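Close look at the chain arrangement
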Amino acid sequence: MPNKKKGDKVAEFITGFLQKIKLPFTLFKTNWPETLSEFSDVWIIGGDGTLNYFLNTYRSAHQPLAIFKAGTGNDFFWKLYGDINLEQQIFHVLNTVPQKVDIASCNNILYANSAGFGFDGEVLRSINAVRFIGGHAGYLAIVLKKIFRFKEFHFHIQAGGRTVEKKCLLVIVNNSSRTGGGFMVTPKAKINDGYLDMVLCDELSVLKRLKYLPVIEKGKHMQLPFLLYSHEKEVYIKTEEIIYAQLDGELISGSEFKILILPGHLSFRY
């Protein structure tokens, strides 16, 4: 769990609740089981990174899932459950039917929430500030620092039968709406529509970066002339040099990326 103390508290509350209603369960804190075959449902305690680890450990999990927030950003949790409190969420999960949810794949690595290339990857390389400050405030602090120093990479992007070749400040290919603990980068995104939401942002001066950061944070950037927002089934990205990228807060690197949507790949109770 990215935040062990918080994760332990959430786990203690959940296990106490389940014991009270006499619902059998098994709690795994460190050594997760090799398979999930003996379980009817799986509840995950953590943030986007924990969920990412789960997805890539149990790539074909067929059990209904639920995620209980104990991370720094908790963006996918927010998409599923909003601002519900823990006790309300337990009642909801126990009494709702599973629904199919899309998952994305980048170079055969699964992700549920967001993928960012270039700028996002460089932000993640300084992720220690997020762990120390926590959540959205930490992410915002790193973004502000990178705004002054980041130099755009040249991208070759193929999507939807068209090709884009240019330097970009942002290259985002999301499955869900929110990233960084509150940045509404892809506000139109749905997790059950069979599409990826792609945002391309042109080169911007430092002054424009500072001006439009709050606009992007609130999801009010859709009509800005230097942004391209589109819905895609597949996206192919090439760069002239090795760059960093983030998948749900996990750092990867490369110069070629193939991103696909996997419609209805998993089921969640939400």
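Residues numbered from 1 in each chain as written. Predicted model: local features only at pLDDT ≥ 70, side-chain atom pairs only at ≥ 80, totals over all residues. Heavy atoms only, no water.

Description of unusual backbone geometry
Phi is positive for Lys-22, close to 60°, though the residue is something other than glycine. When its relative accessible area of 71% is taken as the criterion, Lys-22 is described as exposed. Backbone geometry places Asp-248, a non-glycine residue, at a positive phi of 55°. You can see Asp-248 is positioned in the loop between strand S10 (234-247) and strand S11 (250-268). In this structure Asp-248 comes out as buried when scored by relative accessible area, which is 5%. (Buried < 20%, exposed > 50% of the residue type's maximum accessible area, 1.4 Å probe, protein only. Helix = DSSP H or I, 4+ residues; strand = E, 2+ residues; numbered from the N terminus.)

Observations concerning the environment of Ala-61
Relative to the elements of secondary structure, Ala-61 occurs in the loop between helix H2 (48-57) and strand S2 (65-69). For Ala-61, a relative accessible area of 9% gives the class buried. Counting along the chain gives 46 residues from Ala-61 to Asn-107, while the straight-line C-alpha distance between them is 20 Å. Residues within four places of Ala-61 in sequence aside, it is in contact with Leu-36, Phe-54 and Leu-266. (Contact = heavy atoms within 4.5 Å.)

Let's talk about the pairing of strand S6 (residues 153-159)
Here S6 shows one buried face, formed by Phe-153, Phe-155, Ile-157 and Ala-159, and one open face, formed by His-154, His-156 and Gln-158. When S6 meets strand S7 (residues 162-174), the two strands line up antiparallel, connected through 7 bridges. Following the sheet pairing, Ala-159 is matched in S7 by Arg-162. Hairpin connection, S6 to S7: the antiparallel pair is bridged by 2 residues, and Gly-160 has positive phi, about 60°. (Pairing = 2+ DSSP bridges.)

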